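Close look at the chain arrangement
Single-letter residue listing:
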Amino acid sequence: TFEEIFSIFLNDAAARGLADKTLETYRHHLHCISLYFDITTPLDKLSRSMMNEMVVAMRESGLAHNSISSYVRVLTTFLNWCRKENYCDVEMPKFKDEEVIKETYTDEELRRLLERPDPSCRFSVYRTWVVINFLLNSGCRAATVRAIRNCDVNLEQRQVLTRHNKNRKVQVIPLCREMVKILREYQLIRGGTSDDFLFCNECGEQLTDNALRQGIARYNQSRGVSKTGTHLFRHTFARKYLMDCGGNAFTLQKLLGHSTLKMTKHYCAIYDADIA
């Protein structure tokens, strides 16, 4: 069946070293696809018209355009693999992507978020303030930030080494002078060994993805900022770099850790309205 072969596809992807997050996305997308297509269908009965009907059903249900696009990309990857492994020769119909203007934090919201918290605040509030400063200094992804250890921080050279990146490459993050000052103070308060995670919970353990998201959400709301997206800091960093600093796509590619210019060009394209 479609479902059984998809399971073999997942095993193959895991054996090839694909990231856990990617495998998790594939599994989640299969569940969502099953709401519009019978995944117990024998693969040798699969046809392009079935795939067309599935996409039409998604559109008629009111599913967001980019959600459909995401499911189609996963199915395209799966069916390309199926053809290579001689399971079937069905091709996924192309689905046109829709450009979306990404939301970012406004200058007023950033002013509120970057205002230093009261010295008597809880460690979790202070840590979140430091994390937000770091996200705006670096444009890092949340998963990258959570994986930084004390030993990765080199304040003398004003840089942080990040090892847990989406493209699995080690990256050097430059730090501005203000960020060096903030991290120097934070490390004195945080303490711990060189192998401990830089941004920890109140027990000194690595922050979970959910704890980081919830911490930022509570912090933002306490400052009167309704936006709470962690990834919005990455988009804000890119926009600030391009719009306020007159940056270029090639340097932004390096700063964001993109393997190719394709995704970086996407970041540049979504700010065309601002440029106008």
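Residues numbered from 1 in each chain as written. Predicted model: local features only at pLDDT ≥ 70, side-chain atom pairs only at ≥ 80, totals over all residues. Heavy atoms only, no water.

Here's the deal with the pattern of salt bridges
Applying the stated criterion to the full structure yields 10 salt bridges. Across the salt bridge formed by Asp107 and Lys240, the nearest N and O atoms sit 2.4 Å from each other. Of this pair, Asp107 sits in helix α5 (residues 107-114) while Lys240 sits in helix α10 (residues 232-244), and the two are 133 residues apart along the sequence. Since its relative accessible area comes to 25%, Lys240 is described here as partly exposed. The partner of Arg116 in a salt bridge is Glu185, with the nearest N and O atoms 2.5 Å apart. Of the two residues, Arg116 is situated in the loop between α5 and α6 (123-138) and Glu185 in helix α8 (residues 177-190); the sequence distance between them amounts to 69 residues. Under the relative-accessibility criterion, Arg116 is labelled partly exposed at 46%. Here the residues in one salt-bridge network are Glu108, Arg111 and Arg112, joined through shared partners. (Salt bridge = Lys/Arg side-chain N within 4 Å of Asp/Glu carboxyl O. Helix = DSSP H or I, 4+ residues; strand = E, 2+ residues; numbered from the N terminus. Buried < 20%, exposed > 50% of the residue type's maximum accessible area, 1.4 Å probe, protein only.)

Overview of the state of the cysteines
All told, the structure shown has zero disulfides when counted by the stated rule. Lacking any disulfide linkage, Cys140 is separated from the closest cysteine sulfur, that of Cys176, by 13 Å. Since its relative accessible area comes to 37%, Cys176 is described here as partly exposed. (Disulfide = S-S within 2.5 Å.)

Observations concerning the side chain of Arg146
Tracing the chain through its elements places Arg146 in helix α7 (residues 142-146). Although buried, Arg146 forms no salt bridge, and the nearest oppositely charged side chain, Asp209, lies 4.3 Å from it. Reaching out from Arg146, the side chain makes a polar contact with the backbone oxygen of Leu207 at a distance of 2.8 Å. Ignoring any residue separated from it by four or fewer positions in sequence, one finds Arg146 in contact with Phe197, Gln206, Leu207, Thr208, Asp209 and Leu212. (Lys, Arg positive; Asp, Glu negative; His and termini not counted. Polar contact = N/O pair within 3.5 Å; in protein donor to acceptor, adjacent residues only side chain to side chain. Contact = heavy atoms within 4.5 Å.)

Thoughts on the packing of aromatic side chains
This structure, assessed with the given rule, holds 16 aromatic pairs. Its guanidinium or amino end placed over the ring of Phe197, Arg149 lies 4.1 Å from that ring's centre, counting from NZ or CZ. (Phe/Tyr/Trp six-rings, centres within 6.5 Å; stacked < 30°, edge-to-face > 60°. Lys NZ or Arg CZ within 6 Å of the ring centre and 35° of its normal.)

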